[in-house]
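Single-letter residue listing:
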Amino acid sequence: MARDLAIDLGTANTLVYIKGRGIVLNEPSVIAVNRRNGEVLATGHDAWDMIGRTPSYIVAVRPLRGGAITDFDITERMIRQLLQRVGVSRFTRPKVVICVPSAITEVERRAVTDAARRAGASDAQLIEQPMAAAIGANLPIDEPVGNMVIDIGGGTTETAVISLGGIVALEAVRVGSFDIDAAIQNYVRREHGVAIGERTAEEIKIQIGSADPVGDERSADIRGRDLVSGLPKTIRLTAEEVRFAIDEPVASMVLSVKRCLSKAPPELAQDFLARGMYLVGGGGMLRGLAERISRETSVPVRMSPQPLEAVVLGAGHCIENYQALRGMFMGSHR
Amino acid sequence: MGYRRSVDRSAELSTNGATMIAMGLVAWVFAVLAAGCGSVLLVLVYLDHRASRIDDSIASFRRHIDALSPEARHESMSHGNSTQGDGRYF
């Protein structure tokens, strides 16, 4: 008998929760495929190490970009690989709950559920990421009070107001932490004439990136390729430069939070002032982001204790209480 | 004689006709009563069913809310095996 499972199919990372066991897998959402014969060569960490370092016949790609599925076939293969790795086969047919961005289209929705069913799931249900995040962040969503959750992932920023077990207001933009990395890449290319890769940009973000001035302003030496000479070159970037470089995507995130606040009913708005907003997702870990959102909205912002796992834990709770929480799944009618 | 026989026959015919009309009326009354009773029964069944559906909805909503309570979530959340903390306020 297969154990039912929950999957957080994120743009950056994929996490799997097995009923009764907890989180069993947490890996980058990357798959490496041999273009000559279509074989899957690696997934997760192994595939992540291959990004930008493969011969021409091997492609290491992220099947999701901006919270959307860019390649249905690759996504299906990745889901199949994931399920196989956690022990799902043709004979053990578990129920699967998959977390997806709320802005997912009907076609993408069907593609994900079909992929899970073809991979061996007896039943595949989808749940919106902010809803799962609110459950996983342990917010009191069973009470008639306004709970606001901001989920900043790799490709999307989703803000939701939740009360009495349902979404009251929702705002989603296709801007996430990968857009911050891209902004850093573009800045270094434009201002310093140096090309850097995705991974270097991410390292810069983690080391010296910030959305608002923080006490510890550092600088970092960056190695890349000079666009004029084509030779390796080292440059020094300051925290202030990085903050300037990433201001546009950060401003978009803050704006989406403000839009969600404006959609919330006035009765719930007073709850936010008292209880604050909760920040989850890897993108929320950018230094100074919580302070900036708080400064621009005048609402306190609280960081979830488990920002990376909140979504899958929420979906895991849905799989633990499948019958009682069926109404939360996308497309279901309570 | 002939006249008398024809009078008797017409009287017999009119008695039979009256009986048939009366029986037809009774049948109609029964049919209407039966239809009325049936309708009332259907309405009662529908109302009962609707009441039970409302009860089901309430029970279902309660189960939904109960499943989201902190006590119900405690076990699932304890499966999170990464760093635990109290969160920070800004």
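Note: the structure precedes this text.
### Looking at the nonpolar core
What tends to happen in soluble globular proteins is that the nonpolar side chains get buried as a cluster.
All names here are of chain A.
Argument step 1. Among the nonpolar cores identified, the biggest contains 99 residues, and Y17, I98, C99, A134, V149 and A315 are the most heavily contacted of them.
Argument step 2. Counting residues per element, this core draws most heavily on helix α11 (residues 310-320), which supplies 7 residues.
Argument step 3. When near neighbours in sequence (up to four residues on either side) are disregarded, I98 contacts I7, L9, V112, A116, A124 and L126.

### Thoughts on the interface of chain A and chain B
Argument step 1. Residue-level contacts link 31 residues of chain A with 22 residues of chain B.
Argument step 2. Taken together, the elements giving at least two residues each to the side of chain A that touches chain B come down to β3 (22-28), α10 (289-297), β18 (301-303) and α11 of chain A.
Argument step 3. Top element by residues in the side of chain A that touches chain B is α11(A). It accounts for 4 residues.
Argument step 4. Classifying every residue of the side of chain A that touches chain B gives 14 nonpolar, 11 polar and 6 charged.

### Things to note about the sheet that holds strand β15 (residues 219-226) of chain A
Sheet strands associate in pairs through backbone hydrogen bonding, adopting either a parallel or an antiparallel arrangement.
Residues and elements named next belong to chain A.
Argument step 1. Across the sheet, which stays open at both edges, the 3 strands sit in the order β14-β15-β16 with antiparallel pairing between neighbours. Two strands bound the open sheet, and with one partner strand each, they are β14 (194-195) and β16 (232-238).
Argument step 2. Bridge count for β15 against β16 is 7 bridges, and the pairing is antiparallel. Within β16, the residue paired with D221 across the bridge is R236.

### Things to note about the packing of helix α4 (residues 129-136) of chain A against α11(A)
Residues and elements named next belong to chain A.
Argument step 1. Look at α4 against α11: their axes get within 6 Å of each other, and the N-to-C directions meet at 85 degrees. Relative to α11, α4 is oriented roughly perpendicular. In this structure, α4 uses Q129, A132, A133, A134, I135 and G136 to contact α11, whose residues at the interface are A310, V311, V312, L313, G314, A315 and H317.
Argument step 2. Residues of the contact of α4 with α11, tallied by class, amount to 9 nonpolar, 4 polar and no charged.

### With respect to the sheet that holds β3(A)
Residue and element names in this part refer to chain A.
Argument step 1. Pairing is mixed in the open sheet, where 5 strands are placed in the order β3-β2-β1-β9-β10. Sheet topology places β3 and β10 (123-128) at the edges, where each strand pairs with a single neighbour. Each neighbouring strand pair of the sheet contributes to a mean axis angle of 20 degrees, computed without reference to strand direction.
Argument step 2. Pairing analysis gives 6 bridges linking strand β9 (residues 95-100) to β10, with the strands arranged parallel. In the strand pairing of β10, V100 is matched with E128.
Argument step 3. Relative to β10, helix α3 (residues 106-118) is tilted by about 140 degrees, and along the sheet it contacts β1 (5-9), β9 and β10.
Argument step 4. On top of the sheet, α4 reaches β9 and β10; it is set at about 80 degrees to β10, its chief contact.

### Focus on the pairing of strand β2 (residues 13-18) of chain A
Residues and elements named next belong to chain A.
Argument step 1. Taken across its 6 residues, β2 has 6 buried, putting it largely inside the fold.
Argument step 2. On β2, burial covers both faces: N13, L15 and Y17 on one face and T14, V16 and I18 on the other are all buried.
Argument step 3. Between β1 and β2, which pair antiparallel in sequence order, lie 3 residues.
Argument step 4. Bridging between β2 and β3 involves 6 bridges; their strand directions are antiparallel. Looking across to β3, one finds that T14 is bridged to E27.
Argument step 5. Hairpin connection between β2 and β3: a loop of 3 residues separates the two successive antiparallel strands, and G20 in this loop has a positive phi of roughly 80 degrees.

Cut-offs applied
Residues numbered from 1 in each chain as written. Chains lettered and ligands numbered in written order. Predicted model: local features only at pLDDT ≥ 70, side-chain atom pairs only at ≥ 80, totals over all residues. Core = buried A, V, L, I, M, F, W, Y, C linked by C-beta atoms within 7 Å. Buried ≥ 20, exposed ≤ 12 C-beta atoms within 10 Å, placed from the backbone. Helix = DSSP H or I, 4+ residues; strand = E, 2+ residues; numbered from the N terminus. Contact = placed C-beta atoms within 7 Å. Nonpolar A, V, L, I, M, F, W, Y, C, P; charged D, E, K, R; others polar. Pairing = 2+ DSSP bridges. Axes fitted to C-alpha atoms, helices over the stretch in contact; angles between N-to-C directions. Parallel < 35°, antiparallel > 145°, perpendicular 65-115°, else oblique.

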